[in-house]
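Residues per chain, in single letters:
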There are 2 protein chains.
Amino acid sequence: MTIPVSTNYRYFIDLSFDGTAYHGWQVQPNAISVQQILAEALTTLLREDTGLTGSGRTDTGVHALNYTAHFNTHASPLQLQEMDLVYKLNRIVPHDLAIQQIRQVIPDAHARFSAQCRSYEYIICRRKDPFMVNRAWLMERPLDFDAMQEVSRKLMQYKDFESFSRSNTQVNNYLCNVTSASWRQEGHLWIFSIQSNRFLRNMVRALVGTITDAGLKKISPCQFDDIVKSKNRSNAGYSVPGCGLYFLGAEYDDSIFLK
Amino acid sequence: MTIPVSTNYRYFIDLSFDGTAYHGWQVQPNAISVQQILAEALTTLLREDTGLTGSGRTDTGVHALNYTAHFNTHASPLQLQEMDLVYKLNRIVPHDLAIQQIRQVIPDAHARFSAQCRSYEYIICRRKDPFMVNRAWLMERPLDFDAMQEVSRKLMQYKDFESFSRSNTQVNNYLCNVTSASWRQEGHLWIFSIQSNRFLRNMVRALVGTITDAGLKKISPCQFDDIVKSKNRSNAGYSVPGCGLYFLGAEYDDSIFLK
C-alpha cells in the first residue's frame, strides 16, 4: 500500500486592478471578472486548474490596490522562480491588472478565511477632475466635513451593521468589528478609510451614502445612530457608486507564509 | 462723429485635461483637439467666435494639470458670473476636460506671449500599475537614479537646446533659460520636473529619452555634455512617449489680471 503524497503547493498571489472594465472579482456567467482573467492566465502558464480563490467579492467597477488570492499548483517555488511566473503573468493579463508578488503559504492558508482584517477607501471628488473619471464619485454639492467625520467615528462603537447590508445576502449574522473609520482631505479629494475584520456585501457604499446624508444635513448625528440601531437597510442612505471604492488589502498572520 | 467703443473683454481660462483622447491642444484637420472642443463650447454658450488662444502646443496624448488660454467676448465679468459660465462649460465638455476658473485680464494680455515661465513633469512608471495606464511611461529596466539626477542638474548650465528640438520647427533660436530640472521618487514612480522660460517642440520628451540613456549607462555624463554641445538632434536619445508628459502650468505677472 502506498500513501499518496501531495505534490501540491499553495501560494498567495497579490495583485492590483482598475475595476472599470470588470464585473468585480467573482467569476460569473456572461460577464468579465478579474478572477476569470487571472485563473485563465495561471492555467495557460501552469497547464493545470489552480482553483484560484479570492479574499472576497468586489462589486462592478470597484478597484483594488492590494488584492490577495490563493491557488494550488504542482510547481515548486523554485520552478515558479525559474519560469519567472510573476513577469509572465503580467505580460499576458491586460494593462488594468497587475501582479505584485507570489508567496508560498502553508497548505491550509486561505485567502478569505485566514484574513484577519480588511481595509477599504472611498474617494469623493469635490470638483470635476479629468484624472479621476471612473476613479471617484463626483459630488460637488456642499458637504459638512466635520459632520461626516463625527458620524464616521461612531462606527467603532457599533457591532451590528445589518442596516448597511444587502438584504439577500447569505450570512449568519451582521456583526463586524470596525477598528478604524475616518475621513481626510487631499486637495479636492475627500477620502474615507475603514478597517474591519469583515465587511458585509455593499456595506462600505451604503455607509458612505448614509455618512454623506449627514454631510448634506439631511440627517443629524442622532438620526445616524437611529439608522444603525434600526437594523433595517431601508432606513440607511443610498449606495454610492462603485467607481469610488478601493479595496486596500487584507492582513494575514505572518505564520502562514513559508520562508 | 462717434468714437467706436470696444465692448470686448479678454479673459484667461484655466483648465486641465487627460490628453489620452486628444491630438494635443492645437486645432488641426481630421483630429480631435482640446482647443476645438473648448472653442466650440464657448461659442455655444457665448454665441460668438471667441478667438480662443492657448499658451502653447501640446503633443498627442500629453496631459495638462493647469493649462491657460485666453479668449475675447462681449460679455462682461458680471454677465459671465450670472450665466455661471465655468459651471455650464464643465457640463458640456467631456469628462476628460475640466475648467477651473476664468479671470478677466488686460486687453493685451496673451496666454502665450505673456507667459514668463512654464513647467512640465514627466512620469516614468517602474512597474506595471493598472492606475497609470496612458498616464506614465512603463519602463522596468534597471536605471541608475543618481546618474539621471546628475545629468539633469547640468541642464541649468546650458542655454542652447537645439539637440533636443524637432528639426522642422519654426523658431529663430534654440535658447532656453532652464531654471530647475530634477528627479524625485514617489514609490514606483520616477518624476522629472523641469521649469524654463520656454520649451522647444518635443524638448522635454527628447531630454527625458537622453537622460534615460544616462540611467541605462548607454551614455556617460561627459557624453551627455557632448550631446548638448553638438546642437544636433540625431545625437540625442529617442523621444519618450507622450502619455508620461504633464504640462503643469505657465506663470504670468499678477499685473495682467484685473481686480
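Definitions and cut-offs
- Per chain, residue numbering runs from 1 following the sequence as it is written.
- The naming scheme follows written order: chains are lettered A onward, ligands numbered 1 onward.
- Selection of residues for local features in this predicted model requires a pLDDT of at least 70, selection of side-chain atom pairs for listing and counting requires 80 or more, and totals for whole chains, interfaces and linings are taken over all residues.
- As a rule here, side-chain values cover all heavy atoms of the structure and leave hydrogens and water aside.
- Helix and strand labels come from DSSP, where a helix needs a run of H or I of at least four residues and a strand needs a run of E of at least two; each type is numbered from the N terminus.
- Categorising residues by exposure relies on relative accessible area from a 1.4 Å probe, with only protein chains included: less than 20% of the type maximum marks a residue as buried, more than 50% marks it as exposed, and the intermediate range marks it as partly exposed.
- For the purpose of counting charges, residues Lys and Arg are taken to be positive, whereas Asp and Glu are taken to be negative. His and the chain ends are not included.
- Put simply, a salt bridge is a Lys or Arg side-chain nitrogen that is within 4 Å of an Asp or Glu carboxyl oxygen.
- For this analysis, a polar contact is any N or O atom pair within 3.5 Å, provided that within protein one partner can donate a hydrogen and the other can accept it, and provided that sequence-adjacent residues contribute only side-chain to side-chain pairs.
- Note on contacts: a residue pair qualifies if any of its non-hydrogen atoms lie within 4.5 Å across the two residues.
- As a rule, the C-alpha atoms of each element are fitted with a line to give its axis, helices using only the stretch in contact, and angles between N-to-C directions run from 0 to 180 degrees.
- Comment on the angle field: the value is read as roughly parallel under 35 degrees, roughly antiparallel over 145, roughly perpendicular from 65 to 115, and oblique elsewhere.
- In this scheme, a crossing is called left-handed if the near helix is turned counterclockwise away from the far one by less than a right angle; it is called right-handed if the turn is clockwise.
- Three residue categories are used. Nonpolar comprises Ala, Val, Leu, Ile, Met, Phe, Trp, Tyr, Cys and Pro, charged comprises Asp, Glu, Lys and Arg, and polar comprises the others, including Gly.
- Our superposition of the copies is a least-squares fit, built on the C-alpha atoms of residues whose pLDDT is at least 70 in both.
- One less than the residue count of a helix, multiplied by 1.5 Å, gives the span that helix is expected to have.
- Strand pairing is assigned whenever DSSP identifies at least 2 bridges connecting the two strands.

**Some points on the side chain of Glu-48 of chain A**
Residues and elements named next belong to chain A. Its place among the elements puts Glu-48 in the loop between helix H1 (34–46) and strand E2 (53–54). Look at Glu-48: it is buried, it has no salt bridge, and the nearest opposite charge is Arg-47 at 9.7 Å. At 2.4 Å, the side chain of Glu-48 and the side chain of Thr-73 are in polar contact.

**Points about unusual backbone geometry**
Residues and elements named next belong to chain A. Despite not being glycine, Asn-30 has its phi angle at roughly 60°, a positive value. Inspection of the secondary structure puts Asn-30 in the loop between strand E1 (9–17) and H1. By relative accessible area, Asn-30 is classed as exposed at 83%. Despite not being glycine, Lys-217 has its phi angle at roughly 65°, a positive value. Within the fold, Lys-217 resides in the loop between helix H5 (203–215) and helix H6 (221–230).

**Structural notes on the side chain of Thr-68 of chain B**
Residues and elements named next belong to chain B. Structurally, Thr-68 can be placed in strand E3 (residues 63–73). Engagement of the side chain of Thr-68 in a polar contact is seen with the side chain of Asp-14, the distance being 2.9 Å. Discounting residues that sit within four places of it in the chain, Thr-68 has contacts with Phe-12, Ile-13, Asp-14, Gly-54, Ser-55, Ala-111 and Tyr-252.

**Thoughts on the packing of helix H4 (residues 145–153) of chain A against H5 of chain A**
All names here are of chain A. Closest axis-to-axis distance for the H4/H5 pair is 7 Å, and the angle between their directions is 135°. Regarding the angle of H4 to H5, the classification is oblique. When the axes of H4 and H5 are compared, the crossing they make is right-handed. For the pair formed by H4 and H5, the contact residues are Ala-147, Met-148, Val-151 and Ser-152 on the first element and Ile-211, Thr-212, Ala-214 and Gly-215 on the second. In terms of residue class, the contact of H4 with H5 is made up of five nonpolar, three polar and no charged.

**Some thoughts on the environment of Asp-14 of chain A**
Residue and element names in this part refer to chain A. Examined against the element boundaries, Asp-14 turns out to sit in strand E1. A relative accessible area of 2% means that Asp-14 is categorised as buried. Considering only alpha carbons, one finds Asp-14 and Val-34, 20 residues apart in sequence, at a separation of 13 Å. Excluding anything up to four places from it in sequence, Asp-14 contacts Asn-66, Tyr-67, Thr-68, Ala-98, Ile-99, Gln-100, Gln-101 and Arg-103. At 3.2 Å, the side chain of Asp-14 forms a polar contact with the side chain of Arg-103.

**Observations regarding the relation of the copies chain A and chain B**
When chain A is fitted to chain B, the residual RMSD is 0.0 Å, and the transformation amounts to a turn of 180° plus an axial shift of 0.0 Å. Taken together, the turn and the small shift mark the pair as related by a two-fold rotation axis. It is Phe-131 of chain A whose C-alpha, among those of chain A, lies nearest the rotation axis, at 5.0 Å. An overlap of 100% is found between the interface residues of chain A and their copies at the interface of chain B, pointing to a shared contact surface.

**Concerning helix H5 (residues 203–215) of chain B**
All names here are of chain B. A rise of 1.5 Å per residue sets the reference length of H5, with its 13 residues, at 18 Å; its end C-alpha atoms lie 18 Å apart and thus fit the reference within 8%. Taken across its 13 residues, H5 has 13 buried, putting it largely inside the fold. Backbone geometry just downstream of H5 places Lys-217 in the positive-phi region, at approximately 65°.

**Digging into the pairing of strand E7 (residues 178–186) of chain A**
Residue and element names in this part refer to chain A. Bridge analysis of E7 against strand E8 (residues 189–196) gives eight bridges, and the strand direction is antiparallel. Each bridged residue has a counterpart across the sheet, and for Arg-184 the counterpart in E8 is Ile-191. Remark: two residues form the turn of the hairpin made by E7 and E8, two consecutive strands paired antiparallel; Gly-187 in that turn has positive phi of roughly 65°.

**A look at the pattern of salt bridges**
A full pass over the atoms with the stated rule returns 20 salt bridges over all chains. The closest approach of N and O atoms between Glu-140 of chain B and Arg-91 of chain A, which form a salt bridge, is 2.4 Å. One end of the pair, Glu-140 of chain B, is in the loop between strand E6 (137–138) and helix H4 (145–153); the other, Arg-91 of chain A, is in helix H3 (residues 85–92), on a second chain. Exposure remark for Glu-140 of chain B: the relative accessible area of 37% places this residue in the partly exposed category. Linking Arg-184 of chain A and Glu-186 of chain A is a salt bridge whose minimum nitrogen-to-oxygen distance equals 2.9 Å. On the basis of relative accessibility, which here comes to 42%, the residue Glu-186 of chain A falls in the partly exposed class.

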